[in-house]
Amino acid sequence: MSYTTLHICMNDTIPKENNLKVKVNYLNLLSKIGKDLTEAKASSYGFHLLLETLHGTNKFSRSFIVAFDEGSGKLQTKASKGFSASEFRRFESNLEKSFIAKVYQTGANAILHFSDLESIYLPSASAKFDKNVEKSCICVSVSLGRKIIGAFGVEFDHSQSTNYEFLADFLSVIAAMIAQASKAESVIEEEKMRLMAENFDLKRELREKYEFGHIVGNSSAMKRVYDQVSQVARSNTTVLLRGESGTGKELIANAIHYNSLRSKKPFVRVNCAALPETLIESELFGYEKGAFTGADSRKKGRFELAEGGTLFLDEIGDLSPQTQIKLLRVLQEREFERVGGTETIKANVRIITATNKNLEEAIAEGTFREDLFYRLNVFTIFLPPLRERKSDILLLAESFVEKYEREHGKHIKRISTPAIDMLSSYHYPGNVRELENTIERAVLVCDGNVIHGHHLPPTLQTAEITNTVTQVSLTAAVEALERDIIQDSLKTTRGNRGKAAKMLDTTERILCYKIKKYKIDPRRFRN
């Protein structure tokens, strides 16, 4: 260990202290400092505890820890003790010119003795010699490997009996502990920044993924869905998504959340049908320790985990009557209790629910509460089955081809015309989910660059197997097509016959004749 004496007293004969009791005390002190640095949540707080401990067990008048700041390119005080406000300002302003800066620059520890209390940290401190020494200061460098990152020093009353070199060695050990604490915090901070950046990127990707422009489908049925999502997304209104299984209800729920004011908060999903009746309540509301066998600790429920964000309850029609009552209370009062608990917890959560069941029939059968239905049925979005949005089939198929060719390392250039005809003529009882599975299989078994009909599942191979053989007369088929076109135009114009006639490039009189012929009620398209 090397020492640079910048201003030593005239009498440099300093007796050595080799007392075993003193060394034991120093070891105990090191143990206490190590504990403080380890348990502190931030290094700055740990450094303050360190200085408090040193001052409490030794007659130090002042102490400091400084470190080089990469941002400002200067030394900055991380912790200090014993300075008055004016002394600290003087200490800070002269830090770059003082002996502390020399310790940082050279890495050589310093033992200093001063007579002028006020000038101890000034640039001119080492200019005068004085026999009447009053104060001593030991400053040691703080290093990580070969890199010096700062300095650590203490000031105390000068005494001929003090073993300065032993004390400097002791402070160097503490400086090493300071360096390790700084390194640990630096590693934690870097990991925290990495995780924050990763989290930001993931959230950005999710927002982009669930933007309306990334949802595949441009049929009139889907355009109505987009309009409804746009209307409700920026509000806190409860939304009920209805439609057959596989129509994309969860995708729309994501789109509502990530385009809402709660997009930066959690989006928590719960599949009510996937959880047993005995677990659904504890999953939703959480439970207290000892609430039931196996409840070894308190657990937060999905409502708490979604605080400030959105809770998506899929398959809401499968909830048990008992859980329906509790959910109704949360929707009404915006509060709940954990299972086995008495504490009332406020719920700041937006609810989006989805079901493929006919809730009106469930109410009539007594399996779903009517009052809960009216609480959930604030803003309902009906998702059309794939057979009612035929124009989207090819768009969806191409999107899935692009997705799965990347996933399986294939290069698919196109889908053959016969395969497109097969895909378009199928009725898809499993909706978009079935189409996605069909395309994934086709990409997997495709041995070239083109998906052909024989790459599709057997259910799509012939019309006879799929029950899609046309068994109607030409007149009936034309009338069915005409009826669909008129209904579609009335849906687009919200039941306005004049606008619908203009859209179809016909007269309102002819359109009204057709509406009467096919017994279409335009009023049901107004909402």
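For clarity, every value in this text was computed on a predicted model and none was experimentally measured.

A. Expanded view of the environment of Thr380. Along the polypeptide, Thr380 turns up in strand 13 (residues 379-382). Those residues within four positions of Thr380 in sequence are excluded, and the remaining contacts are Gln228, Leu240 and Arg242.

B. Seen up close, the packing of aromatic side chains. Applying the stated criterion across every chain, the model contains 15 aromatic pairs. When the ring of Tyr426 is compared with that of Tyr428, the centres are 4.8 Å apart and the planes differ by 85°; the resulting orientation is edge-to-face. Looking at Tyr428, the relative accessible area reads 0%, which means it is buried. Among the aromatic residues, ring-to-ring pairing joins Phe64, Phe83, Phe88 and Phe91 into one connected group.

C. Looking closely at the packing of helix 17 (residues 474-492) against helix 19 (residues 508-517). As a packed pair, helix 17 and helix 19 sit with axes 11 Å apart at the nearest point and diverge in direction by 115°. By the criterion of interaxial angle, the relationship of helix 17 to helix 19 is roughly perpendicular. Here the hand of the crossing between helix 17 and helix 19 comes out left-handed. The segment helix 17 lies against helix 19, with Glu479, Glu482, Ile486 and Leu490 engaging Leu511, Lys514, Ile515 and Lys517. Taken together, the residues of the contact of helix 17 with helix 19 break down into 4 nonpolar, no polar and 4 charged.

D. Geometry of the sheet that holds strand 9 (residues 310-314). Read from one edge to the other, the open sheet built from 5 strands follows the order 8-9-12-7-13, with strand pairing classed as parallel. Only two strands of the sheet have a single partner each, and these edge strands are strand 8 (267-271) and strand 13. For this sheet, the mean angle separating the axes of adjacent strands, direction not counted, is 20°. Helix 6 (residues 220-233) rests against strand 7 (239-242), strand 12 (350-355) and strand 13 of the sheet, and its axis sits at about 155° to strand 13.

E. Region of the structure containing the nonpolar core. Residues Leu50, Leu54, Ile138, Phe152, Phe170, Leu171 and Ile174 are the most contacted members of the largest nonpolar core, which totals 31 residues. Those elements giving two or more residues to this core turn out to be helix 1 (20-39), helix 2 (43-57), strand 2 (60-69), strand 5 (135-144), strand 6 (147-157) and helix 5 (164-209). In terms of residues, this core owes the most to one element, helix 5, which gives 11 residues. Ignoring sequence-local partners within four residues, the contact set of Ile174 consists of Leu30, Ile33, Leu50, Leu54 and Phe152.

F. Here's a closer look at helix 6. The end-to-end C-alpha distance of helix 6 is 20 Å, a good match for the 20 Å that 14 residues give at a rise of 1.5 Å each. Here helix 6 has its buried residues at Ala221, Met222, Val225, Tyr226, Val229, Val232 and Ala233. Down the axis of helix 6, the buried side of the element spans an arc of 140°, and every buried residue falls inside it. Buried residues along helix 6 sit in contact with strand 7, helix 7 (249-258), strand 12 and strand 13.

G. Region of interest: helix 4 (residues 99-106). Here helix 4 has its buried residues at Phe99, Ile100, Ala101, Val103 and Tyr104. Buried positions along helix 4 lie against strand 2, strand 3 (74-81), helix 3 (85-93), strand 4 (109-114), strand 5 and strand 6. Two residues or fewer past helix 4, Gly107 is found with a positive phi of approximately 80°.

H. Structural view of the pattern of salt bridges. Under the definition given, this model contains 26 salt bridges. In this structure, the salt-bridge partner of Arg62 is Glu155, at a minimum N-O distance of 2.9 Å. Highlighted residues: Arg62 in strand 2 and Glu155 in strand 6, separated in sequence by 93 residues. With relative accessibility at 1%, the residue Glu155 sits in the buried group. Between Arg406 and Glu402 there is a salt bridge whose closest N-O contact spans 3.6 Å. Residue Arg406 and its partner Glu402 are located together in helix 13 (residues 393-408), separated by 4 residues, close to a single helical turn. Residue Arg406 is classed as exposed on the basis of its relative accessible area, which comes to 59%. Each of Glu288, Arg298, Glu304, Arg338 and Glu343 takes part in one network of salt bridges that share partners.

Analysis parameters
- Counting restarts for each chain: residues are numbered from 1 in the order of the written sequence.
- Two thresholds apply to this predicted model, a pLDDT of at least 70 for residue-level local features and 80 or more for giving and counting side-chain atom pairs, whereas whole-chain, interface and lining totals are computed over all residues.
- Water and hydrogen atoms were dropped before computing side-chain values, which therefore reflect all heavy atoms in the structure.
- Numbering of helices and strands runs from the N terminus; a helix is a DSSP stretch of H or I covering at least four residues, while a strand is a stretch of E covering at least two.
- The contact definition used throughout considers only heavy atoms, calling two residues in contact when any of these lie within 4.5 Å.
- A pair of aromatic rings is counted whenever rings of Phe, Tyr or Trp (Trp by its six-membered ring) have centres within 6.5 Å, and the orientation is called stacked for planes under 30 degrees apart, edge-to-face for over 60 and tilted otherwise.
- The cut-offs for exposure are 20% and 50% of the maximum accessible area for each residue type, with area from a 1.4 Å probe on protein chains only; residues under the lower value are buried, those over the upper are exposed, and the others partly exposed.
- Axis definition: a line fit to C-alpha positions, over the contact stretch in the case of helices; interaxial angles, taken between N-to-C directions, run 0 to 180 degrees.
- Put simply, angles under 35 degrees are roughly parallel, angles over 145 are roughly antiparallel, angles from 65 to 115 are roughly perpendicular, and the rest are oblique.
- Crossing handedness is read from the near helix: turned anticlockwise from the far helix by less than a right angle, it gives a left-handed crossing, and turned clockwise, a right-handed one.
- Three categories are distinguished: nonpolar for Ala, Val, Leu, Ile, Met, Phe, Trp, Tyr, Cys and Pro, charged for Asp, Glu, Lys and Arg, and polar for the others, with Gly belonging to the last.
- A pair of strands counts as paired when DSSP detects no fewer than two bridges linking them.
- For the purposes of this section, nonpolar cores are sets of buried Ala, Val, Leu, Ile, Met, Phe, Trp, Tyr and Cys residues that join through side-chain atoms within 4.5 Å.
- In this analysis, the expected span of each helix is defined as 1.5 Å times one less than the number of residues it contains.
- Throughout, the arc means that of the directions going from the helix axis to the C-beta atoms.
- Criterion for a salt bridge: a side-chain nitrogen of Lys or Arg within 4 Å of a carboxyl oxygen of Asp or Glu.

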